[in-house]
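Here is how the chains run, residue by residue.
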Amino acid sequence: MTGRNGTGGVRYELDDKPATGATMPVAPGILWLRMPLPFTLGHINLWLLADDGGWTIVDSGVHTDVSKGVWEDVFASAMQGRPATRVIATHLHPDHVGCTGWLATRFGVDVWMTRAEYLLCRVLVADTGRRAPETGTRFYHAAGFPPHAMERYERMFGMFGRYVAPLPESYRRLKDGDELRIGRHCWRVIVGSGHSPEHACLYCPELGVLISGDQLLPTISSNVSVYPTEPAANPLAEWLESLDRLKREVPEDVLVLPAHGKPFRGAHERLDELVAGHRAGLERLERLCRRPIRAVDAFDALFSSKIDDNNLIMATGESIAHLNYLLEEGRIEAETDENGVTWYRRRERRPAAGKAADTPC
């Protein structure tokens, strides 16, 4: 989701980028593959790491005939006929994990993921073809969806698995702090939460390179959403903590290889910018709650981009994430009306003993 974040701290490493479906080197033993996507973003960056006897693949693109055709070309050209030695998925979103199972099966190698990402991915794939559950319809009705948006949610439910090849029934678990030897270099796993449950970044101190997935992007802020499966979740608190922790884990001059956009430097400034953007959004949202609002009324406080049917689910999930953060801090309160719609308003601040109450705005 494009938010109100600037990009003042970002310094791009390369003037060029590979053509869609092509590769180019970005660091010793690292190839950048720009994979097309059938979504608004248009592309995802995938990474090929030179390994003993072949290549470690990091992220894989959505599972479509177009993606598989690109991969077939890459096997013969960039990979020079050498096999994949493992497939790593930073997290469960279809543009990152879609072809992972297909690649692992083709080469007879392991999928490497964190536990929460692997298990939730398999659950979501199993939802393919199911009708939307009542918990989901109640959730989006409570957020303020009009009838046409409810109909679209019910029609689109279960789309996840249409872009994700089945994962193998066993996997290799990645944990925070793990160290992986890939070819000549050692990579450390740094786990973050908020955008997804247990997102894995890969950091190589020797090369000064961070494969950041969606945890750190140069021009957009990753979507941080609440979903019907866990309506009281507070992923924004986890996200902000993850950004602070990532800043402590990597140096300022690290070369960031993001999932979207171009490789860049200026990680600390960009992390600070992302945190500040969310903090400012929370302040705007709290002011908006001087009068009762629904989740769908929060968009103007949080997003500069247009919200339409194509991004309504993400925008609503992110609005609820910000509202839940304010709820947990006691800055607002929520009440569900007789029609099942939830309204949020700023919590009245009680005056200290002997002082007059604040005049409500």
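All values reported here derive from a predicted model rather than from experimental measurement.

Parameters at a glance
- For every chain, the first residue of its written sequence is number 1, and the numbers climb from 1 along that sequence.
- At least 70 in pLDDT is required for a residue's local features to be given in this predicted model, at least 80 for side-chain atom pairs to be given and counted, and no such filter applies to totals for whole chains, interfaces and linings, which use all residues.
- Neither water nor hydrogens contribute to the side-chain values; these are computed over all heavy atoms in the structure.
- By this definition, two strands are paired if DSSP reports at least two bridges between them.
- Secondary structure elements follow DSSP: runs of H or I no shorter than four residues count as helices, runs of E no shorter than two count as strands, and numbering proceeds from the N terminus.
- For helices, the fitted line uses only the C-alpha atoms of the stretch in contact; every axis is such a line through C-alpha atoms, and the angle between N-to-C directions lies from 0 to 180 degrees.
- The contact rule is simple, with two residues in contact once any of their heavy atoms fall within 4.5 Å.
- Relative accessible area decides the class of each residue, using a 1.4 Å probe on protein chains only: under 20% of the type maximum gives buried, over 50% gives exposed, and in between gives partly exposed.

(A) Fine view of the sheet that holds strand 7 (residues 111-114). Spatially, the seven strands line up as an open sheet ordered 2-3-4-5-6-7-8, and their pairing is mixed. Where the open sheet ends on each side, the last strands, each with one partner, are strand 2 (23-27) and strand 8 (172-174). The sheet shows a mean angle of 30 degrees between the axes of neighbouring strands, direction not considered. Bridge count for strand 6 (residues 84-88) against strand 7 is two bridges, and the pairing is parallel. Within the sheet, the bridge partner assigned to Ile 88 lies in strand 7 and is Trp 112. The sheet contacts of helix 1 (residues 65-76) involve strand 2, strand 3 (30-36), strand 4 (43-51) and strand 5 (54-58), and relative to strand 3 the element is tilted by about 150 degrees. Contacts from helix 3 (residues 100-107) reach strand 5, strand 6 and strand 7 within the one sheet, and its direction differs from that of strand 6 by about 160 degrees.

(B) A look at the pairing of strand 3. The buried fraction of strand 3 is high, at seven of seven residues. In strand 3, alternate side chains face the same way, and those of Ile 30, Trp 32, Arg 34 and Pro 36 on one face and Leu 31, Leu 33 and Met 35 on the other are all buried. In terms of strand pairing, strand 2 meets strand 3 through four bridges, oriented antiparallel. Within strand 3, the position partnered with Thr 23 by the bridge is Leu 33. The hairpin formed by strand 2 and strand 3 contains two residues between the paired strands, and Gly 29 there has a positive phi angle of roughly 75 degrees.

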